[in-house]
Every structure is written in C-alpha cells, then in structure tokens.
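Each chain is listed here by its residues.
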Amino acid sequence: MNQRNRYRRIDDYEVRSKMEMLSQLLQIQQHELNESRNRYADLFEHAPVGYFTLNKIGEVLSINQTGATLLGQQRAQIAGKPFCSFFPHINQQLFFDYLQETFANPRKTTIDLKVRDIQEEISYIRLESTVLSPQNICRMMMTDISQLQRTIKLNRDLLNENRRLMKELFHIQEKERKTLAYELHDELGQWLTAIRIENEFILNCTEKNSITFPSAQAIRESTQKMHRVIRSMLHKLCPLLHNAVELPDALFELKKQWYFSHSKTNLEFKLDDDLAPLDEQFSIIVFRLIQEGLNNIFNHAEASWAQVSINRERCRDSAPDFLVVKIEDNGKGYDTSQHYDGLGLVSMRERVVALDGRLVLRSAHNEGTEINIRLPITKQHNECSHFHTPD
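First, a word on what this report is: a plain description of the structure on this page.

Reading the values: the criteria
- Residues numbered from 1 in each chain as written.
- Predicted model: local features only at pLDDT ≥ 70, side-chain atom pairs only at ≥ 80, totals over all residues.
- Heavy atoms only, no water.
- Axes fitted to C-alpha atoms, helices over the stretch in contact; angles between N-to-C directions.
- Helix = DSSP H or I, 4+ residues; strand = E, 2+ residues; numbered from the N terminus.
- Parallel < 35°, antiparallel > 145°, perpendicular 65-115°, else oblique.
- Left-handed = near helix turned anticlockwise from the far one by under 90°.
- Contact = heavy atoms within 4.5 Å.
- Nonpolar A, V, L, I, M, F, W, Y, C, P; charged D, E, K, R; others polar.
- Pairing = 2+ DSSP bridges.
- Expected span 1.5 Å × (residues − 1).
- Buried < 20%, exposed > 50% of the residue type's maximum accessible area, 1.4 Å probe, protein only.
- Polar contact = N/O pair within 3.5 Å; in protein donor to acceptor, adjacent residues only side chain to side chain.
- Phe/Tyr/Trp six-rings, centres within 6.5 Å; stacked < 30°, edge-to-face > 60°.
- Arc of directions from axis to C-beta.

## Comments concerning the packing of helix α5 (residues 213–237) against helix α6 (residues 247–261)
Argument step 1. Where α5 meets α6, the axes come as close as 11 Å, and the angle between the chain directions of the two elements is 140°. In terms of their interaxial angle, α5 and α6 are classed as oblique. The hand of the α5/α6 crossing is left-handed. Residues Arg228, Arg231, Ser232 and His235 of α5 pack against Ala250, Glu253, Leu254, Gln257 and Phe260 of α6.
Argument step 2. For the contact of α5 with α6, the per-class residue count stands at three nonpolar, three polar and three charged.

## Considerations on the sheet that holds strand β8 (residues 321–329)
Argument step 1. Reading across the sheet, the five strands line up as β6-β7-β8-β10-β9 and stay open at both edges, with mixed pairing between neighbours. Either end of the sheet is taken by a strand with one partner, and the two such strands are β6 (266–271) and β9 (358–363). Recorded for the sheet is a direction-independent mean angle of 10° between the axes of neighbouring strands.
Argument step 2. Packed onto the sheet, α6 meets β6 and β7 (305–313) and runs at close to 170° relative to β6.
Argument step 3. Packing of helix α8 (residues 343–354) onto the sheet brings it into contact with β8, β9 and β10 (369–377), and relative to β9 it is tilted by some 150°.

## Side note on α5
Argument step 1. With 25 residues, α5 should cover 36 Å at 1.5 Å per step; its first-to-last C-alpha distance of 36 Å lies within 8% of that length.
Argument step 2. Taken together, the buried positions of α5 are Phe213, Ala216, Thr223, Ile230, Leu234, His235 and Leu237.
Argument step 3. Taken together, the buried residues of α5 touch α4 (146–205), α6 and α7 (280–301).

## Remarks on the side chain of Arg351
Argument step 1. Structurally, Arg351 can be placed in helix α8.
Argument step 2. Judged by relative accessible area, Arg351 falls into the buried class, the value being 6%.
Argument step 3. Among the polar contacts listed, one links the side chain of Arg351 to the side chain of Gln173, at a separation of 3.1 Å.
Argument step 4. Those residues in contact with Arg351 that lie beyond four places of it in its chain are Phe170, Gln173, Glu174, Arg177, Ile285, Arg288 and Leu289.

## Section: the packing of aromatic side chains
Argument step 1. If you walk through the whole model with that rule in mind, you get four aromatic pairs.
Argument step 2. When the ring of Phe83 is compared with that of Phe87, the centres are 5.5 Å apart and the planes differ by 55°; the resulting orientation is tilted.
Argument step 3. Between the aromatic rings of Phe83 and Phe95, the centroid separation amounts to 5.2 Å while the plane-to-plane angle is 20°, which identifies the pairing as stacked. You can see Phe83 sitting in the loop between α2 (65–71) and α3 (92–104) and its partner Phe95 sitting in helix α3, a full twelve residues away along the chain.

## Topic: the side chain of Asn64
Argument step 1. Along the chain, Asn64 falls in the loop between β2 (60–63) and α2.
Argument step 2. In this structure Asn64 comes out as buried when scored by relative accessible area, which is 0%.
Argument step 3. From its side chain, Asn64 meets the backbone nitrogen of Tyr51 in a polar contact 2.9 Å long.

## Topic: α3
Argument step 1. Here α3 is 13 residues long and its end C-alpha atoms lie 18 Å apart, about the 18 Å a rise of 1.5 Å per residue gives.
Argument step 2. Looking at α3, one finds that the buried residues are Phe95, Tyr98, Leu99, Thr102 and Phe103. The buried residues of α3 occupy an angular sector of 135° when projected down its axis, which confines them to one face. Turned more than 90 degrees away from the buried face of α3, the exposed residues are Gln93, Gln100 and Ala104.
Argument step 3. Summarising the contacts, the buried residues of α3 are in contact with β1 (50–54), β3 (109–114), β4 (124–132) and β5 (137–144).
Argument step 4. Capping the start of α3, Asn91 holds a side-chain oxygen 3.3 Å from the backbone nitrogen of Gln93, two or three residues further along.

## Considering the sheet that holds β3
Argument step 1. Spatially, β2-β1-β5-β4-β3 is the arrangement adopted by the five strands of the open sheet, whose pairing is antiparallel. Edge positions in the sheet fall to β2 and β3, since each has one partner strand and no second. Averaged over neighbouring strand pairs, the angle between their axes works out to 25° when direction is ignored.
Argument step 2. With six bridges connecting them, β3 and β4 associate as antiparallel partners. Bridging across to β4, Asp112 finds its partner in Arg126.

## Details of the pairing of β6
Argument step 1. Here β6 shows one buried face, formed by Leu267, Phe269 and Leu271, and one open face, formed by Asn266, Glu268 and Lys270.
Argument step 2. Two strands pair when backbone bridges link them, and β6 and β7 are joined in this way by six bridges, in the parallel orientation. Paired with Leu271 across the strands is Ile310, a residue of β7.

Set out below in structure tokens:
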C-alpha cells in the first residue's frame, strides 16, 4: 500500500511539473502574442496612410490615428459622421458613385478626388477600398497625394510653356527663313539676272570661232545652274505656303523637285479629299515634317519607293480632329531598339511635341521605315482654303 502511494505521489509530481511547464510556455506565448498585437496596433495606428471602415451610406465607423490626423479632427469627433462632411469641397456625387461601385465590386476599387484648393496642405486624396461583405462595410485606405498632384501640375505647366517656346522658336525660324529667301530673290536673283542679260549680249556680239565665245557659253551654263540652285534654296527656305499657296500645291512643287534630283526613288502622295482648311503656320509645320522625312529617306533609306499619306480623323462632340501624316519607304530600315535618332528625326519630334502631337516610328532591317504622325487640329488651325490632291 505504501509502495502504491509512493508511486501515486511520483505521478502527481510529474503531472504538476508538466502542467507548470505548459503554463509557463503558455504565458510566454501569450506575452509574445500581446507584443505582436501591440506592434500591429502601433503600425496600424501610425501607418503612413489613413485606414477607415465605412458603411454603405458613407459614415465613418472606425479610423486609425493617421486618418484622424489627415482629417484634422479628434478620433472621438469622427466616428459616426459622414466621410464627406470633413471635406466641404469634395464632389459628393462622385464619391457616392465610387462607394456604390465599391460595394458592388468584390475587388479593390481606387479613385483620386480633389477635396480642397490645390494651394492648401491637403488638396487631393486617393481612396482604395475593399468590401468586407459579411459585415456589410468596407475598409478604405486614404492617401494624401497633394504633393504628387502639385508636381504633375508643375510638370504640365512646364510642358505647356516648353511647347509655347518651341512654337515661338519655329515661328521666328520661319520668319528668318522668309526674310533670307526674299533677300536672296531680290538681291542675288536680280544680280544673277543682270549677269545673264549681259552674257547673252556678249554671246550675240561674239563670233562663234572667237576665243571668248566658249567662255561666254560657260558663263551661261554656270548662271543657269546657279539659277536652279537658288530656286531650290528658295523653296527649301520659303515654301509656296508663304505666298498664300495651299499645302497640296507646295507638296506638288516638292514632288517635282524630288523627281528632278532623286529620280531613282518613286515618290507618291495620297491626300484625303475631306481635308479641312488649315492655317499657314500649321501647314508650314506639316510641310517641314514631310520635307524632313523625305530628306531622311534620301540620305539613309536607299529606297526605290516612298509614299506620303495625309488624312483627317474626325472626332465626335467637341473633341478636336486630328491630322494624320504617314511617311513610309521600302528601304533598308534599321533597328529601332538601338535608339538611333539623327538630327532630322529629333527636329521632327520637336515640331510634333510643339503641336501636342504624337510621333511613332516603326522600322526593321530590310523592312523599310514608317513614320506615323498625329497632330490635333484646334480651332486656330482652321482657315478658309481648299485642299486637292497633287497629281
């Protein structure tokens, strides 16, 4: 009997020891759990974004400390109040449409909202929400994106100013070209005409077997070449557009000059019959783009065929139409992944950017090159004129 009691006491001692060990282990785990919960609560409360729970009518049910700081209120003053009441200038209809979309969508929904004037500290917020369907509430995360929006606005203003300066630069450039062209025509052209007249008089008064006759003939040939060179320079400096001639006529002249100096490459023009009138400056930029594109084909493409297409994309409602220009060839092409941009292509991109347009380049080895340009046509680009296709 004593032996049995002794064994029982040993068993009780072992049980108590194990229970004490389990109790100590449980206390340690409980302590770690409390620490983890406190760390999570601290992270939640002081996260860099505001966390809210809202019901279907937009009332705030709970909020973390960061959210209260973003709203500029004490937490006790926020619970139970409508979210929109803390932002007097928020678009409430837009917010409630977003809230309805959130409860109707099982995935996360996002929206950016303007809540105050952009000069105020918090002017734009981003909301990202997810529905907790069993409880019929949503968890919403709010981020202050005011500085991001100010940066975007600043970049947009800088881009617009850059475009304005580029337009002004191109306008001054065309004005200088026009002045230079007129000076070449009025000054050098007149002197060249006088030389030709005097030379013709010498040829008429000189015997063909005279020693001076070949020299006079050489002068005639030289002046004729100079006249062609000057005429080509005048057209490059000042296309016919400057003289109230429409874009298709200038392109027709460009085509004639192309065949005169680049006869090995067949050049085609395809112009939309439904092109609306365009003002002079806009037409000149389009002409310069085509001119530069054709120069690139001549200098680099080694093509036997090239084509320029121009058409108008008409948009509905009050959106501006677009002028679409495509310049393509069947030349050797190149690898666009190497990011090779010559001065000609850089100049084209600058002109397109100045008009708030878009330029897309496609090319590959032995597959030719295609340049697609899309330019918005604003009201100021329209004027009374008539377009036709050059033959």
